[in-house]
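Listed below are the residues making up each chain.
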Amino acid sequence: MIDADTIIKQLEERLATFQGNAKTQNVGIVEKNTDGVIAASGLSQTFMGELVSFDKNQMGVVLNLDEDNVSILTLGKSDDIKEGDTVKTTGKILSINVSDDILGRVVNPLGEPLDGKSKIKKGKDMPLEKIAAGVVDREPVSVPLKTGIKAIDALIPIGRGQRELIIGDRQTGKTAIAIDTIINQKQRSKKQKPVICVYVAIGQKQSTVAQVIDRLGQDGALDYSIIVAAGASDSSSLQYLAPYAGVAIAEYFMEKGEDVLVVYDDLTKHAWAYRQISLVLKRPAGREAYPGDIFYLHSRLLERAVKLNKANGNGSITALPIIETQANDISAYIPTNVISITDGQLYLQQDLFNNGIRPAINVGSSVSRVGGAAQTPAIKSVSGKMKLELAQYNELAAFAQFGSELDPATLAQLERGKKTIEILKQPQFHPLEESLEILSIFAVANGYLDDIKLELFEKFETEYHDFVKRSYPKIIELLSTGQKPSELTIKEIQRSITDFKKTFNA
Amino acid sequence: MNVKNIKKLVLASYIDKKLNPIRVNKIAGLLARKDLKTYIKTLKSYEKKNTVIINLPFLYNDKKIFAKMFKGKKIIYKEDPSLIAGVRIINNDIVYEHDLKNTLEDIATHIGLAYD
């Protein structure tokens, strides 16, 4: 809290600088107002991205500079901006006020609270548009970002500072993966470095955003999360700005050395909003009527996901952009763009979802280009075998469809593959600790579940986890360190499974 | 007719930096309605570009200083008593403002932005 004397002193200093300092303003006249995009004459001194103010305190951002006029994107309501109104430059670029007070809050892309609570306390003004950190400031991804989802942590691991795309048709569980990941960031021990989460809802129904907030609240995840919402009923300008506001908030915490996770849900709607703005701005339309700089729109956003080196505070921003496809078409314009920008993708499929494989991740088409380096030795030691088995299973399963007689070895491999897929199933909102993930994967990869029926897997897994927590807490403790399990630990895990199987009541 | 040509016509409407009514009438008579509209608009903006409006709390006789500052431009002086110990100069789309009211407003804005 600043005391009165300091405030007065600061004001006196401020007053001293005012003397003899004329206020210079660049003033223009509104010529046209089309769907929230204003054409104004004058404003000869304005620059791209400058914040301008209208007569009734509405704000706007300069997006086009032409010979005789400028195009301004209004922020918020623009119905009452009329031809002939004056518009003034402010000399500032669009920024959002961020302080620690923003944690647990729901805000719009301008930083105004949407949760009915008080105004966000004054902190730092973070620019929405910023050039991403350069190569000198970065370091390779090396720390894992645990999602708590077995299939991801074992097969397609994500590292802090990575950009991993979640792509799939509607209703395939894309948001569920993102929400599970946020829930899993809850700090379980003081040793663990917490991850601050920013969930950016772009063009979504208010009811969907309310559900997400409710879910995060139920799991206690709101304490370390921020929600930036620009709903379907909000102007396209707010939808366009939402992901930039999200990353600006993330940068505030990253600069303080924190690890941040940003979920952009979803960038397809973001591209639609930008297309709408561009068409109103009369920018030339290209493929699918998107403007020429649609690639840059997403690349400059996702480039801001970074793992900073020690000299720069060692903070990180991990980005999980979401893209919605139509009829599994990942070769459409926006999906291919974002696939090429990101460091891998989680590909979700409708048929897997309908067959009860949830999360419906197509392991074959999903990749993580840098996450492998971030995987802990503990999970790496068990997942390597599983990856191979799954690949073999997929190959064999294709041949087995012909119905020819199969030798016992092939049949056993097929059976193991089915069980591996079964163990990777996981209910929504139940992310697992890494130690428990390792136990499940170890059990299936080493054939301890070969005699367990598929339909009993879920029950077996839950009860086995409880059993280990109760009777073998040392195993959990050892696996939580992330170190490769020793011979002794492996023997102990084997003993725990055998012991549990004796008591497991099928 | 495109805007570039209309701009040329606007420049041709001036003789010795003064708008010539004979030329203006002649040009206006030859233009179509749409072009005439653009011509008037461009003429207005050209006039605005070459005019400086100076608001002072009271009109005093020594105006040389401003004439020196804005050489070749038409200067219009206006009296505005609300400008306490200050001046407001409007040069096309740039407004220079220096008065007590503005200074106080600046302090208020600063307080609003810096403190909760």
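Here the residue index of a chain counts from 1 through its sequence in written order. Working convention: letters from A go to chains and numbers from 1 go to ligands, in the order in which they are written. Confidence filtering applies because this is a predicted model: local features only for residues at pLDDT of at least 70, side-chain atom pairs given and counted only at 80 or more, and all residues used for totals across whole chains, interfaces and linings.

Asks: Tell me what's going on with the overall build of chain A, and back it up with residues and numbers.
Replies: Think of it this way: any DSSP run of H or I at least four residues long counts as a helix, any run of E at least two long counts as a strand, and we number them from the N terminus. The number of helices and strands found in chain A is 15 helices and 16 strands. Among the 506 residues that make up chain A, the fraction classed as buried is 44%. Contact criterion: two residues are in contact if their C-beta atoms, reconstructed from the backbone, are within 7 Å. Sequence separation of at least 24 residues holds for 71% of the intrachain contacts in chain A that already meet a minimum separation of 6. Labels follow a simple rule on C-beta atoms placed from the backbone: if 20 or more others lie within 10 Å of a residue's own, it is buried; if 12 or fewer, it is exposed; otherwise it is partly exposed.

Asks: Break down the overall build of chain B for me, citing the residues and quoting the values.
Replies: When its secondary structure is counted, chain B shows five helices and six strands. Throughout, the radius of gyration refers to the C-alpha atoms, and the reference size of a globule is 2.2 Å times the residue count to the power 0.38. At 20 Å, chain B has a C-alpha radius of gyration far larger than the 13 Å of a compact globule built from 116 residues. Expressed as lengths along the three principal axes of its C-alpha atoms, the size of chain B is roughly 60 × 40 × 20 Å. Taken over 116 residues, chain B has a buried fraction of 12%. For chain B, contacts bridging at least 24 residues in sequence account for 44% of all contacts bridging at least 6.

Asks: Describe the domain arrangement of chain B, naming the residues involved and giving the relevant values.
Replies: These domain limits were set by an automatic method or by a database of domain assignments. According to the domain assignment, chain B consists of domain 1 (3-49) and domain 2 (51-114). Once you take the C-alpha centre of each, domain 1 of chain B and domain 2 of chain B turn out to be 30 Å apart.

Asks: Tell me what's going on with the nonpolar core, and back it up with residues and numbers.
Replies: Note on terminology: a nonpolar core is a set of buried residues of type Ala, Val, Leu, Ile, Met, Phe, Trp, Tyr or Cys, with members joined through C-beta atoms within 7 Å. Within the largest apolar cluster, 130 residues are counted, with the highest numbers of intra-cluster contacts made by Val198, Val200, Val228, Ile249, Val260 and Val262 of chain A. Examining the composition of this core, we find that 13 residues originate from one element, helix α5 (residues 236-255) of chain A, more than from any other. Contact partners of Val262 of chain A, with chain neighbours within four places excluded, come to Val198, Val200, Gly246, Val247, Ala250, Ile317 and Ala319 of chain A. With five residues, the next largest nonpolar core counts Leu9, Val10, Tyr39 and Leu43 of chain B among its residues.

Asks: Just give me the short version of the sheet that holds strand β12 (residues 225-230) of chain A, but keep the residues and values in it.
Replies: All names here are of chain A. Pairing is mixed in the open sheet, where eight strands are placed in the order β8-β12-β11-β13-β14-β10-β15-β16. Each of the sheet's edge strands pairs with one partner strand only, and the pair in question is β8 (106-107) and β16 (367-368). Paired strands are those between which DSSP finds at least two bridges. The pairing of strand β11 (residues 195-202) with strand β13 (residues 259-265) spans seven bridges and is parallel. In the sheet register, Ile196 faces β13, and the bridge partner there is Val260. Axis definition: a line fitted to C-alpha atoms, limited for helices to the stretch in contact. Angles are taken between N-to-C directions and run from 0 to 180 degrees. Contacting β10 (165-168), β14 (316-324) and β15 (344-348), helix α8 (residues 333-341) crosses the sheet at an angle of about 160° to β14.

Asks: Describe the pairing of strand β6 (residues 94-98) of chain B, and please don't skip the residues or the numbers.
Replies: In this structure, strand β1 (residues 23-34) of chain A lies alongside β6 of chain B, joined through four bridges in antiparallel fashion. Bridging from a neighbouring strand, Lys23 of chain A pairs with Glu97 of chain B of β6 of chain B. Here five bridges tie strand β5 (residues 87-91) of chain B to β6 of chain B, and the two strands are oriented antiparallel to one another. Opposite Ile89 of chain B, over in β6 of chain B, you have Tyr96 of chain B as the bridge partner. Two successive antiparallel strands, β5 of chain B and β6 of chain B, enclose a turn made up of two residues, where Asn92 of chain B displays a positive phi of approximately 55°.

Asks: Can you explain the environment of Ala242 of chain A? Please cite residues and give values.
Replies: Residue and element names in this part refer to chain A. Looking at the element boundaries, Ala242 is found in helix α5. The class of Ala242 is buried, set by 28 C-beta atoms lying within 10 Å. What Ala242 contacts, discounting residues up to four positions off in sequence, is Pro109, Val200, Ile202, Val228 and Ala230.

Asks: Quick rundown of the domain arrangement of chain A? Include the residues and the values.
Replies: Residue and element names in this part refer to chain A. Its domain assignment divides chain A into domain 1 (20-94), domain 2 (140-375) and domain 3 (378-503). In this complex, domain 1 contributes ten residues to the contact, which on the side of domain 2 involves six residues. If you tally residues by element for the side of domain 1 that touches domain 2, the top one is strand β5 (residues 69-75), at four residues. Throughout this entry, Asp, Glu, Lys and Arg are counted as charged residues, while Ala, Val, Leu, Ile, Met, Phe, Trp, Tyr, Cys and Pro are counted as nonpolar. The remaining residues, Gly among them, count as polar. Broken down by class, the residue content of the side of domain 1 that touches domain 2 amounts to four nonpolar, five polar and one charged.

Asks: Explain the environment of Ile493 of chain A residue by residue, including any values.
Replies: Along the chain, the position of Ile493 of chain A falls in helix α15 (residues 487-503). Ile493 of chain A sits 209 residues away from Pro284 of chain A along the chain, and the two C-alpha atoms are 63 Å apart.

Asks: I'd like a description of the confidence of the model for chain B, backed by residues and values.
Replies: Confidence scores here are pLDDT values: one per residue, from the predictor, ranging 0 to 100. Residues of chain B with pLDDT of at least 70 account for 96%, and the chain-wide mean is 86. Taken together, the chains of this predicted complex give a pTM of 0.89 and an interface ipTM of 0.77.

Asks: Provide a residue-level description of unusual backbone geometry, including the pertinent values.
Replies: Residue and element names in this part refer to chain A. Here the amide bond leading from Asp265 into Asp266 is cis, since omega sits at -5°, within 30 degrees of zero. In this structure, Pro359 follows Arg358 across a cis peptide bond, with omega equal to 5°. Looking at where Pro359 falls in the secondary structure, it is placed in the loop between α9 (350-354) and β16. Phi is positive for Asn57, which is not a glycine, with a value near 70°. Take Asn57: there are 7 C-beta atoms within 10 Å of it, and that puts it in the exposed class. Even without being glycine, Phe429 reaches a positive phi, approximately 60°. Within the secondary structure, Phe429 sits in the loop between α11 (408-424) and α12 (434-445). For Phe429, a count of 13 C-beta atoms within 10 Å gives the class partly exposed.

Asks: Just give me the short version of α11 of chain A, but keep the residues and values in it.
Replies: Residues and elements named next belong to chain A. What a helix should span is 1.5 Å times the count of its residues minus one. A rise of 1.5 Å per residue sets the reference length of α11, with its 17 residues, at 24 Å; its end C-alpha atoms lie 24 Å apart and thus fit the reference within 8%. Along α11, the residues that are buried comprise Arg416, Gly417, Lys419, Thr420, Ile421, Glu422, Ile423 and Leu424. On the buried face of α11, the contacting elements are α2 (150-155), α10 (377-400), α12 and α13 (457-471).

Asks: Give me helix α1 (residues 3-12) of chain B: which residues, what numbers.
Replies: Residue and element names in this part refer to chain B. Turning to α1, its buried residues are Ile6, Leu9 and Val10. Each buried residue of α1 lies within a common arc of 100° when the element is viewed along its axis, so the set occupies one face. Along α1, the residues that are exposed and aim more than 90 degrees away from the buried face are Lys4, Asn5, Lys8 and Leu11. Packed against the buried residues of α1 are α2 (21-30) and α3 (33-49). Here the arc refers to the set of directions running from the helix axis out to each C-beta atom.

Asks: Can you explain the pairing of β10 of chain A? Please cite residues and give values.
Replies: Residues and elements named next belong to chain A. Here β10 shows no split at all, with Leu165 and Ile167 on one side and Ile166 and Gly168 on the other all buried. Pairing analysis gives four bridges linking β10 to β15, with the strands arranged parallel. In the sheet register, Gly168 faces β15, and the bridge partner there is Leu348. With three bridges connecting them, β10 and β14 associate as parallel partners. From the neighbouring strand, Ile166 faces β14, where its bridge partner is Ile322.

Asks: Before we move on, could you go through the environment of Arg105 of chain A and cite the residues and values that matter?
Replies: Residue and element names in this part refer to chain A. Mapped onto the elements of the fold, Arg105 is located in the loop between β7 (95-98) and β8. The exposure class assigned to Arg105 is partly exposed, which follows from the 19 C-beta atoms found within 10 Å. For Arg105 and Phe429, which are 324 residues apart along the polypeptide, the C-alpha to C-alpha distance reads 21 Å. Apart from residues lying up to four places away in sequence, Arg105 is in contact with Pro113, Asp115, Lys117, Ile120 and Ile226.

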